[in-house]
Amino acid sequence: MTLLALETSCDETSAAVVRDGKILSNAVSSQIQLHAEYGGVVPELAAREHLKNLLPVARTALREANVLVEQLDAVAATQGPGLPNALLVGLKAAQAMAFALNKPFVGVNHHEAHLYSPWITGNPPRADFANFQPNLSLIVSGGHTLLVLVESELKHCVLGGTIDDAAGECFDKTGKLIGLPYPAGPEIDRLAEQGNAKAFNFPRPLLHDASDDFSFSGLKTSVRYFIRDHPALLDDPQKVRDLCASVQAAIVEVLVTKTIRAAKRCGVRHVTASGGVTCNRALRNELARACERSGFTLRLAEKQLCTDNAAMIGILAERKLLNGLVTAELDSEIKPGWMLADCVN
Ligand code: KG4
Ligand code: ZN
């Protein structure tokens with residue numbers, strides 16, 4: 001089965017061709033530079049950029065895969081959650097293509113696609129569902145922080161999420177306070193490498209709370225007050241590196257501790273992690289170390305599949321089609337607030 005998948009939920013325009021669990025191509029056009037000027041994603045600009053870039057990106061994906069439009073068996077797109085006007089571009093393009101080709105359209109939940117992205121491995125990358133194991137999954141992106149129990153393939157239960165800011169948002173907002181460009185996550189990761197994570201002590205919100213929920217807005221506020229009270233610190237490059245390392249350590253400790261605790265409680269033996277923040281090297285290292293200590297095997301999404309991409313949309317769409325789980329109609333609408341908890345197969 002050969003599918004074209006489109007992803008336009010936020011600030012990456014992406015198209016991928018997937019065939020029988022293999023990723024034949026995964027073209028991504030990032031809008032990061034455009035939005036950096038404004039310190040965050042501007043929804044209307046994002047939608048216009050998707051309109052401009054979607055067809056060229058789709059053409060690139062088809063060309064790199066050496067696949068003709070007529071050879072497609074289905075067309076998939078992210079249906080939600082995401083920015084409404086951005087979602088509309090990819091969804092309506094995919095539906096129009098499916099209509100013209102008289103092939104099925106598959107609408108995919110963006111977070112469900114992240115959830116299965118750690119199972120895509122190898123070179124060339126392919127889905128390794130043959131080795132699927134029940135797992136506890138951490139999804140950490142710019143908009144969401146979720147702990148999910150994946151009981152079996154395509155069956156999941158959301159255990160907890162953020163009650164305010166997501167982990168990625170916390171990286172981005174604290175980075176902005178430090179004066180780093182948007183998105184600050186990758187830059188904090190880089191600066192933290194040469195910083196002392198014990199230099200400053202920041203709160204670990206909800207670390208000892210029994211729930212699987214997260215809260216990062218208090219951490220951001222304490223960084224704000226800390227900088228207000230120590231303004232000279234930002235003039236010292238080593239202190240800035242220490243600050244980045246200390247903030248990063250607080251976020252990572254909360255994410256890792258709560259993930260491991262949930263995995264132990266749920267009785268699974270496998271842990272997975274995905275989403276943009278999973279690119280973070282300290283998070284990858286600390287999760288690996290904690291999993292080893294507790295006897296869990298760990299699957300981290302490969303870095304190029306952590307941030308938003310259409311390959312993960314295509315892999316999940318194909319899986320759904322093969323399992324007869326496709327319910328989206330050709331004229332179905334975008335679902336900007338589509339929670340993973342409401343996405344039941
Ligand atoms: O999954 P993603 O590409 O988009 C959303 O669906 O939100 O995640 C983007 C987020 C941003 O907040 C960005 O700062 C963060 O992922 N991020 C990182 C790193 N790379 C990306 N955060 C920390 N360290 C990184 N290396
Ligand atoms: Zn995402």
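The structure displayed is predicted, hence computed values, not measured ones. (Residues numbered from 1 in each chain as written. Chains lettered and ligands numbered in written order. Predicted model: local features only at pLDDT ≥ 70, side-chain atom pairs only at ≥ 80, totals over all residues. Heavy atoms only, no water.)

Caption draft 1: Broad picture of the overall build of the protein chain. In terms of helices and strands, the protein chain carries 11 helices and 12 strands. Compactness check: the protein chain gives a C-alpha radius of gyration of 20 Å against a globular reference of 20 Å for 345 residues, within 12% of the reference. With the principal axes as the frame, the protein chain shows a C-alpha extent of 60 × 45 × 35 Å. Looking at the protein chain as a whole, 52% of its 345 residues qualify as buried. Restricting to contacts in the protein chain with at least 6 residues of sequence separation, those with at least 24 account for 74%. A total of about 14600 Å² of accessible surface is found on the protein chain, and carbon and sulfur atoms cover 52% of it. Mean positive and mean negative side-chain charge positions of the protein chain (34 and 38 charges, respectively) differ by 4 Å. (Helix = DSSP H or I, 4+ residues; strand = E, 2+ residues; numbered from the N terminus. Rg over C-alpha atoms; globule rule 2.2 N^0.38 Å. Buried < 20%, exposed > 50% of the residue type's maximum accessible area, 1.4 Å probe, protein only. Contact = heavy atoms within 4.5 Å. Areas by Shrake-Rupley, 256 points an atom, 1.4 Å probe, with all protein chains shown as cover. Lys, Arg positive; Asp, Glu negative; His and termini not counted. Charge placed at Lys NZ, Arg CZ, Asp CG, Glu CD.)

Caption draft 2: Seen up close, helix α8 (residues 237-266). Here α8 contains 30 residues, and its C-alpha end-to-end distance of 43 Å stays within 8% of the 44 Å for a straight helix at 1.5 Å per residue. Its side-chain oxygen at 3.0 Å from the backbone nitrogen of glutamine 238, aspartate 236 defines the N-terminal cap of α8. Following α8 by one or two positions, glycine 267 has its phi on the positive side, about 75°. (Expected span 1.5 Å × (residues − 1). Polar contact = N/O pair within 3.5 Å; in protein donor to acceptor, adjacent residues only side chain to side chain.)

Caption draft 3: Representation of unusual backbone geometry. Cis geometry marks the peptide bond from asparagine 123 to proline 124; its omega dihedral reads 0°. The residue proline 124 is located in the loop between β6 (120-121) and β7 (126-127) in this model. Positioned with a positive phi, asparagine 102 is a non-glycine residue whose angle comes to about 55°. With respect to the helices, strands and loops of the structure, asparagine 102 is situated in the loop between α3 (84-101) and β5 (105-109). Judged by relative accessible area, which is 70%, asparagine 102 ranks as exposed. Of note in this structure, leucine 154 is not a glycine but carries a positive phi near 70°. Here leucine 154 is to be found in the loop between β9 (145-152) and β10 (155-161).

Caption draft 4: View of the nonpolar core. By size, the foremost hydrophobic cluster in this structure holds 47 residues, and its most contacted members are Phe202, Phe216, Leu243, Ile251 and Leu255. Listing elements by their share of this core, those giving two or more residues are β8 (135-140), β9, α5 (167-178), α6 (185-192), α7 (217-229), α8, β11 (270-274) and α9 (281-294). Per element, the largest residue contribution to this core is 14 residues, and it comes from α8. Those residues in contact with leucine 255, other than ones at most four positions away along the chain, are Leu138, Val140, Thr145, Ala167, Phe214, Phe216 and Leu283. Counting residues in hydrophobic clusters, the runner-up holds 34 residues, among them Ala5, Ile23, Ile315 and Cys343. (Core = buried A, V, L, I, M, F, W, Y, C linked by side-chain atoms within 4.5 Å.)

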